[in-house]
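Residue-level structure breakdown
Residue-level listing of the chains:
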Amino acid sequence: MYFFWRSFWDKIWPRACISCACELISAECTLCSTCLDEVLLARMPEQSTLPLLDSLDCWLDFDTRAIQRLMHQLKFGQSPEIALRLGQLYAATHDAPHVDALIPAPLSWRRKWSRGYNQSEWLVRGLSETWGLPIWDVLHKEHRPPQATLGLDARSASAQGAYRLKRPLPHGCRVQLWDDTLTTGATLQAMAEVLYRGGATEVHGATLARAH
Ligand SMILES: [Zn+2]
């Protein structure tokens, strides 16, 4: 019945793939099957580590064209549903982590206001609805110059002190911390430091994509 109504509405109001803008058929959701295949083929071949974090999982290779296009849409295309869909896809293809909660990387109020949404919040929503894990919106970010405009050392210095906890964490909790893209890892580490100081015993980092 669902697909009947969806194909009915698709004829009246066609839906487009959020990445390539082709028309979606009724069984497709947000991404067409070609773009979906490209995403699933762009997995990072190996995992890396970062000091401080108990584990690190970067899912997709940012240096593939399909992922670059998608991540650009995700941040600048007014398309938070990409993050939701990618979260659902990640959760459907990975086991739920052994943690108490998922934590999205925050944006400063200025950035969130200008973009209209926080992509990491939408991403974590997609994960949470599949895995059944709670979301803790506990991190606050001060406004800083965009990381992309800074050199390596300046990135690390800018990330330090940019984050604080909105409320105390349950002592001894284990969390998975989510951001959209990993570049130097400076922001993920700065956030993890705040979470450890706030009482977490395990902080696992994860990102949708990794840039080399
Ligand atoms: Zn497409």
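Residues numbered from 1 in each chain as written. Predicted model: local features only at pLDDT ≥ 70, side-chain atom pairs only at ≥ 80, totals over all residues.

Structural notes on the overall build of the protein
Counting its regular elements, the protein contains 8 helices and 6 strands. Secondary structure elements in the protein, listed N-terminal to C-terminal, are α-α-β-α-α-β-α-α-β-α-β-β-α-β. The C-alpha atoms of the protein give a radius of gyration of 18 Å, which matches the 17 Å a tight globule of 212 residues would have. Based on the C-alpha atoms only, the size of the protein along its principal axes is roughly 55 × 35 × 35 Å. Out of the 212 residues belonging to the protein, those deemed buried represent 36%. Sequence-distant contacts, at least 24 apart, represent 71% of the contacts inside the protein between residues at least 6 apart. (Helix = DSSP H or I, 4+ residues; strand = E, 2+ residues; numbered from the N terminus. Rg over C-alpha atoms; globule rule 2.2 N^0.38 Å. Buried ≥ 20, exposed ≤ 12 C-beta atoms within 10 Å, placed from the backbone. Contact = placed C-beta atoms within 7 Å.)

With respect to the packing of helix α4 (residues 80-93) against helix α6 (residues 119-131)
Contact pair α4 / α6: the axes reach a minimum separation of 7 Å and the direction vectors enclose 35°. For the element pair α4 and α6, the recorded crossing hand is right-handed. Contacts from Pro80, Ala83, Leu84, Arg85, Leu86, Gly87, Gln88, Tyr90, Ala91 and Ala92 of α4 reach α6 at Gln119, Trp122, Leu123, Val124, Arg125, Gly126, Leu127, Thr130 and Trp131. Partitioning the contact of α4 with α6 into residue classes produces 12 nonpolar, 5 polar and 2 charged. (Axes fitted to C-alpha atoms, helices over the stretch in contact; angles between N-to-C directions. Left-handed = near helix turned anticlockwise from the far one by under 90°. Nonpolar A, V, L, I, M, F, W, Y, C, P; charged D, E, K, R; others polar.)

Examining the nonpolar core
With 53 residues, the main nonpolar core has Ile103, Val175, Leu177, Met191 and Leu195 as its most contacted residues. Two domains each donate at least three residues to this core, and these are domain 1 (1-41) and domain 2 (44-210). Among residues more than four places away in sequence, those in contact with Leu177 are Ile103, Ala105, Leu188, Met191, Ala192, Leu195, Val203, His204 and Gly205. (Core = buried A, V, L, I, M, F, W, Y, C linked by C-beta atoms within 7 Å. Domains from an automatic or database assignment.)

Re the pairing of strand β5 (residues 174-182)
Counted residue by residue, β5 has 7 buried out of 9 residues, so it is predominantly covered. Relative to β5, strand β2 (residues 101-104) runs parallel, the two being bridged by 4 bridges. The partner of Ile103 across the bridge, within β5, is Leu177. Pairing geometry for β5 and strand β6 (residues 202-210), over 8 bridges, is parallel. Across the sheet, Gln176 pairs through a bridge with His204, a residue of β6. Between β5 and its parallel partner β6, the chain crosses via helix α8 (residues 186-197), and the hand of that crossover is right-handed. (Pairing = 2+ DSSP bridges. Right-handed = clockwise from strand over helix to strand, strands pointing away.)

Looking at the domain arrangement of the protein
Its domain assignment divides the protein into domain 1 (1-41) and domain 2 (44-210). Looking at the side of domain 1 that touches domain 2 residue by residue, the class counts come to 5 nonpolar, 2 polar and 1 charged.

Quick notes on the environment of Ser120
Considering the arrangement of structural elements, one finds Ser120 in helix α6. Through-space distance from the C-alpha of Ser120 to that of Gln189 is 16 Å; in sequence the pair is 69 residues apart. If we ignore the near neighbours within four places in the chain, the residues touching Ser120 are Pro104, Ala105, Trp178, Asp179 and Asp180.

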